[in-house]
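Listed below, chain by chain, are the residues.
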Amino acid sequence: MAERRISKLLVENNKFCPGCGHGIINRVLADTLDEMNLSEKTVGALAVGCGCLMMDTFGIDWVQAPHGRAAAVATGIKRARPECCVISYQGDGDALAIGFSETMYAGIRNENITVIIVNNGIYGMTGGQMSPTTLPEQKTATSPKGRDVALTGMPVNVIDFLKERKVAYLARGAVSSVKNINTLKRYIRTGLENQMNGKGYSLIEVLSPCPTNWHMTPEASMAHINSAVENFYPLGEFIKDGERVNA
C-alpha cells in the first residue's frame, strides 16, 4: 500500500471549520508548490478573512496586508523580489468588496502575480453576512429573506470583469468533487507557471462551501455548489496565455 504523504508546508492542522473548503485548497496549493519545487521561494499575501488562519499552519513566508489590500501588497513583493513566487490568497468579501480596486488594478496592470480568490458567497469569518458574490435570493445574516438584487444589484463575477482585460490567465474551479479538485490543481499549477515564466497576472477563483454559515451539512453544502452555485458561476478556463478560450 502506497504511503500517503502530506506536504511539509502544512506545518500544523488547519484551523478551519469542519467541512470548510479552505482546507482542501490549502492541501492542493501545498502539493502543487512542492511538485514545482517552489516551496522555498514562495511568499504569500493575506488580508482579512478566514484565509488569515493559513499564516499559522501553512509554512511559507507571509505578509499580512490591511483589509482588502493583499493584491497591492503582492504587487510590491513581486516588484521588489521578482525571483520569488508571489501569491495573493483572499476570500470573496475581502477581494471583491473593500479590495475590489486593488484586485482589479493588479489585473489591469497585468502584474506578474498569482491570485487565488475563495468564493463561498458570504463573509465567513464575521458571521455569514451577504457578500459581493452572494447569489440572488440567498439567505444570509444580513439578507434573512434572501438577497434582493433590485436593492443590492447582481452578484459580482470577477471573471467577467477581468476577461475583458489583457491578463495572462483566468480560471474558475471548485472543491465540490474529486474531479473538480483535480482540475483545480491543474488550474493553480498553470497560474503559478504563468507567473514563473513572466507572463503576467493569473487569477484562479475557487467555489468553496461554508457549511457553518450556510447552515448545511458538509455533504449538503458540496451538493449545493454543484446544483446551484455552478449555474451562476460556471467552471473552466477563460483566458490562457493572454487569449480568451471560453467566451
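Residues numbered from 1 in each chain as written. Predicted model: local features only at pLDDT ≥ 70, side-chain atom pairs only at ≥ 80, totals over all residues. Heavy atoms only, no water.

A. Local environment of the overall build of the protein chain. A count of helices and strands for the protein chain gives 10 helices and 10 strands. Its C-alpha radius of gyration of 17 Å places the protein chain within 12% of the 18 Å reference for a compact globule of 247 residues. A burial count over the protein chain gives 53% of its 247 residues as buried. At a minimum sequence separation of 6, the contacts of the protein chain that also span at least 24 residues come to 67%. When the accessible surface of the protein chain is totalled, it reaches about 11200 Å², and 53% of it is carbon and sulfur. (Helix = DSSP H or I, 4+ residues; strand = E, 2+ residues; numbered from the N terminus. Rg over C-alpha atoms; globule rule 2.2 N^0.38 Å. Buried < 20%, exposed > 50% of the residue type's maximum accessible area, 1.4 Å probe, protein only. Contact = heavy atoms within 4.5 Å. Areas by Shrake-Rupley, 256 points an atom, 1.4 Å probe, with all protein chains shown as cover.)

B. Summary view of the side chain of Thr75. Note that Thr75 resides in helix H3 (residues 70-80). Sequence-distant contacts of Thr75, that is, excluding residues within four places in its chain, are made with Ala106, Arg109, Glu111 and Ile113.

C. How the structure looks around helix H8 (residues 178-196). Between its first and last C-alpha atoms H8 spans 27 Å; for 19 residues at 1.5 Å apiece the expected length is 27 Å, and the two agree. Turning to H8, its buried residues number three or more, namely Asn180, Leu184, Tyr187, Ile188, Thr190, Gly191, Leu192, Asn194 and Gln195. Of the residues flanking the end of H8, it is Gly198, one or two places downstream, whose phi is positive at about 75°. (Expected span 1.5 Å × (residues − 1).)

D. Highlighting the pattern of salt bridges. Applying the stated criterion to the full structure yields 16 salt bridges. Of the charged contacts, one joins Glu243 and Lys166 as a salt bridge, the two residues approaching to 4.0 Å between their closest N and O atoms. Of the two residues, Glu243 sits in strand E10 (residues 243-244) while Lys166 sits in the loop between helix H7 (158-162) and strand E7 (169-174), which places them 77 residues apart along the sequence. Taking the relative accessible area as the measure of exposure, Lys166 reaches 56% and is therefore exposed. The salt bridge partner of Glu193 is Arg189, with a shortest N-O separation of 3.1 Å. With Glu193 and Arg189 both in helix H8 and four residues apart, the pair spans about one turn of that helix. Assessed through its relative accessible area of 31%, Glu193 is described here as partly exposed. Its relative accessible area of 30% is what places Arg189 among the partly exposed residues. (Salt bridge = Lys/Arg side-chain N within 4 Å of Asp/Glu carboxyl O.)

E. Summary view of the packing of helix H1 (residues 22-35) against H8. Contact geometry for H1 and H8: axes closest at 10 Å, N-to-C directions at 50°. Classified by the angle their axes make, H1 and H8 are oblique. With respect to the hand of their crossing, H1 and H8 are arranged in right-handed fashion. Residues Ile24, Ile25, Val28, Leu29, Asp31, Thr32, Leu33 and Glu35 of H1 form the contact with H8, whose own contacting residues are Ile181, Leu184, Lys185, Ile188, Arg189 and Leu192. (Axes fitted to C-alpha atoms, helices over the stretch in contact; angles between N-to-C directions. Parallel < 35°, antiparallel > 145°, perpendicular 65-115°, else oblique. Left-handed = near helix turned anticlockwise from the far one by under 90°.)

F. Inspection of the layout of surface pockets at higher detail. Taken as a whole, the largest pocket spans an internal volume of roughly 270 Å³. The element that contributes the greatest number of residues to the lining of the largest pocket is H1, accounting for four residues. Empty space within the second largest pocket amounts to approximately 220 Å³. Lining the second largest pocket are 18 residues, and of these Val48, Gly49, Cys50, Tyr123 and Gly124 sit closest to its centre. Those elements giving two or more residues to the lining of the second largest pocket turn out to be strand E3 (85-91), helix H4 (92-98) and strand E5 (122-123). (1 Å grid on protein atoms, 1.4 Å probe; cavity = no way out; pocket = protein on both sides within 12 Å on 5 of 7 lines; lining within 4 Å. Points joined across faces, edges and corners; volume = space filled by probe spheres on them.)

G. Focus on the environment of Lys41. On the secondary structure map, Lys41 appears in the loop between H1 and strand E1 (42-46). Leave out the neighbours within four places in its chain, and Lys41 touches Glu83, Cys84, Cys85 and Met196.

H. Main features of the sheet that holds strand E2 (residues 61-64). Taken in spatial order, the eight strands line up as E2-E1-E3-E4-E8-E7-E9-E10 in an open sheet, and their pairing is mixed. Unpaired on one side and paired on the other, E2 and E10 mark the two borders of the sheet. Pairing of E1 with E2 involves four bridges; the strand directions are parallel. Bridge pairing in E2 places Gly44 opposite Trp62. Lying over the sheet, H1 contacts E1, E3, strand E4 (114-119) and strand E8 (202-207), oriented at roughly 175° with respect to E3. The sheet strands contacting H3 are E1, E2 and E3, and the helix crosses E3 at an angle near 175°. (Pairing = 2+ DSSP bridges.)

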